[in-house]
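# Per-entry structural report
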Amino acid sequence: MFLSIIVPAYNVERYIDKCVDSLEEQNIDDYEIIIINDCSTDNTINVIKRRAKCNIRIINKEINTGLSDTRNIGIEAANGEYIMFVDSDDYIETNILSDIKEFILRHNRPDLIYLGYYLEKNGEIIRKQGFISETNRVFPGKEFLINELKNRCLPIPACFAIYKKEFLIINSIRFMNGLLHEDELWTPTVLLMATRVGTMGLYFYHYQIRKNSITQRKDKTKNGLDIIAICKMLSISASRIKDSELRRLMNNHIAMVYMKGMCKGRLYRGEYRNNINRFFPLENSCFVKDKIKSIIFALNLKIYYYLDSKLGHNI
């Protein structure tokens with residue numbers, strides 16, 4: 001079997017049919033769809049039960065353990081040579097899988113392949129590539145990672161790539177349970193281990209921003225704390241990188257994610273500021289612009305948060 005599509009599902013009775021419809025409207029037949037119900041409390045399980053057929057498997061979890069564990073269950077259950085993750089409130093382009101399969105076979109089965117995506121928010125659809133590297137070719141893993149980090153453009157969401165299952169299994173790559181923003185840890189980990197990374201110029205994934213999603217919740221304290229925890233783990237991984245340029249660029253990336261985590265969780269507040277090392281970004285950033293941001297961060301967390309909220313990426 002060529003591909004396993006893993007679809008975690010939690011309280012998505014209004015969206016799951018559109019997602020599965022898009023996965024079925026494809027022009028290859030050697031793939032499976034694995035829908036994993038993470039103890040939904042709405043009508044999701046009944047909706048997906050109606051979709052079960054020979055190439056659609058339903059796994060119904062007994063305990064709600066979150067997105068990371070659900071995806072990991074999907075990895076273990078997958079029969080395909082390659083794995084794709086699709087969130088149940090998103091969908092993919094019709095008849096796109098044959099082009100992806102042809103690219104993979106023509107390029108001697110890379111460890112992973114990145115494609116472009118569509119961002120859908122408030123009725124607007126924006127086409128985005130997500131990575132800066134040249135399309136329709138295969139890069140050595142280190143070269144791709146260095147190029148993306150140099151351009152400060154690392155494609156973070158796990159759903160924007162297709163992964164060779166053998167690569168994930170051999171390297172024991174799994175999502176970290178219990179964390180929000182698990183992709184911030186997943187993607188650097190994957191790319192640090194990848195030998196060959198493919199890029200396609202196609203736009204295949206429709207990423208929908210909706211009001212009730214985890215990323216849109218008002219209280220984002222845990223979001224921020226989890227991002228800070230991820231940065232600490234990534235920092236340990238970066239310290240083991242032998243290539244000095246890659247290590248320097250990875251540390252800069254981690255520094256930027258660290259400051260983003262403080263802002264997202266509003267961790268300048270008194271009860272949380274002890275979780276923040278104000279000098280961590282300054283010690284790890286390498287670009288002049290990022291050094292300046294890091295200095296502001298070190299001087300005053302609240303001022304940095306204010307500037308970031310007003311200026312965003314232009315700070």
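Just so it is clear, the structure is predicted and the values come from calculations on it, not from any experiment.

## Observations concerning the overall build of the chain
For the chain, the helix and strand inventory stands at twelve helices and ten strands. The C-alpha radius of gyration computed for the chain amounts to 20 Å, which stays within 12% of the reference 20 Å derived for 315 residues, consistent with globular compactness. Residues counted as buried form 52% of the 315 residues belonging to the chain. For the chain, contacts bridging at least 24 residues in sequence account for 76% of all contacts bridging at least 6. As displayed, the chain offers around 14,800 Å² of accessible surface, 49% of which is attributable to carbon and sulfur atoms. Counting 45 positive and 38 negative side-chain charges, the chain places the centres of these two groups 7 Å from one another.

## Focus on helix α7 (residues 183-193)
Counting buried residues along α7, eight of its eleven residues qualify, which places the element largely inside the surrounding structure. Among the residues of α7, D183, E184, L185, W186, T187, P188, V190 and L191 are the ones counted as buried.

## Side note on the packing of aromatic side chains
Counted according to the given criterion, the structure contains 18 aromatic pairs. With 4.9 Å between their ring centres and 45 degrees between their planes, Y268 and Y305 make a pair best called tilted. Taken together, the residues Y268 in the loop between α9 (244-265) and α10 (280-284) and Y305 in helix α12 (residues 301-311) connect sequence positions 37 residues apart. The class of Y268 is buried, set by a relative accessible area of 13%. Among the aromatic side chains, those forming a connected cluster through ring pairs are Y117, F160, F204, Y205 and Y207. Above the plane of the ring of F175 lies R71, whose end atom (NZ or CZ) is 4.8 Å from the centre.

## Quick word on the side chain of E32
Here E32 is to be found in strand β2 (residues 31-37). Taking the relative accessible area as the measure of exposure, E32 reaches 5% and is therefore buried. Within the structure, the side chain of E32 is placed 2.6 Å from the side chain of S4, a separation counted as a polar contact. Each residue touching E32, except ones within four places of it in the same chain, is listed here: M1, L3, S4, I5, N55, R57, A77, A78, N79 and G80.

## Quick look at the environment of V7
Secondary-structure assignment places V7 in strand β1 (residues 3-9). C-alpha separation for the pair V7 and D87, spaced 80 residues apart in sequence, amounts to 5.7 Å. If sequence neighbours within four positions are ignored, V7 has contacts with I16, C19, L23, I33, I34, I35, I36, V86 and S88.

## Quick notes on the side chain of N251
Locating N251 in the fold gives a position in helix α9. We classify N251 as buried; its relative accessible area is 17%.

## Description of unusual backbone geometry
Residues other than glycine seldom take positive phi values, yet N95 does so here, at roughly 50 degrees. Here N95 shows up in the loop between β5 (91-92) and α4 (97-106). Backbone geometry at R152 places phi at a positive 55 degrees, although glycine is not the residue there. Take R152: it is sitting in the loop between α5 (141-150) and β9 (161-164).

## What to know about the pairing of β2
β2 sits mainly inside the fold: seven of its seven residues count as buried. Alternating positions in β2 separate into two faces, Y31, I33, I35 and N37 on one and E32, I34 and I36 on the other, with burial throughout. Here β1 pairs with β2 via seven bridges, running parallel. Looking at the pairing, L3 lines up with Y31 of β2. Handedness of the crossover joining β1 and β2 through helix α1 (residues 16-24) is recorded here as right-handed. Across five bridges, β2 lies against strand β3 (residues 56-60) in parallel orientation. Bridge pairing links N37 to N60 in β3. On the question of chirality, the crossover connecting β2 to the parallel β3 by way of helix α2 (residues 44-49) is right-handed.

The rules we used
Each residue is numbered by its place in its chain's sequence as written, counting from 1. For this predicted model, a pLDDT threshold of at least 70 governs which residues receive local features, and a threshold of 80 or more governs which side-chain atom pairs are given and counted, while totals over whole chains, interfaces and linings are taken from all residues. Heavy atoms from the whole structure form the basis of all side-chain values; hydrogens and water molecules are not counted. Think of it this way: any DSSP run of H or I at least four residues long counts as a helix, any run of E at least two long counts as a strand, and we number them from the N terminus. With C-alpha atoms as the basis for the radius of gyration, the globule rule is written as 2.2 Å multiplied by the number of residues raised to the power 0.38. Think of it in three bands: with a 1.4 Å probe and only protein chains considered, a residue is buried below 20% of the maximum accessible area for its type, exposed above 50%, and partly exposed in between. Only heavy atoms enter the contact rule, under which two residues are in contact if any of them lie within 4.5 Å. Where accessible areas are quoted, they stem from the Shrake-Rupley method and a 1.4 Å probe; at the residue level, only the protein chains shown are allowed to cover. In this charge count, Lys and Arg are treated as positive and Asp and Glu as negative; neither His nor the chain ends contribute. By convention, charge coordinates are those of NZ in Lys, CZ in Arg, CG in Asp, or CD in Glu. The rule is short: rings of Phe, Tyr and Trp, with Trp giving its six-membered ring, pair when the centres are within 6.5 Å, and they are stacked under 30 degrees, edge-to-face over 60, tilted in between. Charges are assigned to positions over rings by a cutoff of 6 Å between ring centre and Lys NZ or Arg CZ, combined with an angular limit of 35 degrees from the ring normal. Under the rule applied, a polar contact is a pair of N or O atoms within 3.5 Å (in protein, one hydrogen donor and one hydrogen acceptor; residues adjacent in sequence only if both atoms are side-chain atoms). What makes two strands pair is DSSP finding at least two bridges between them. Look down the strands so they point away from you; if going from the first strand over the helix to the second traces a clockwise path, that crossover is right-handed.

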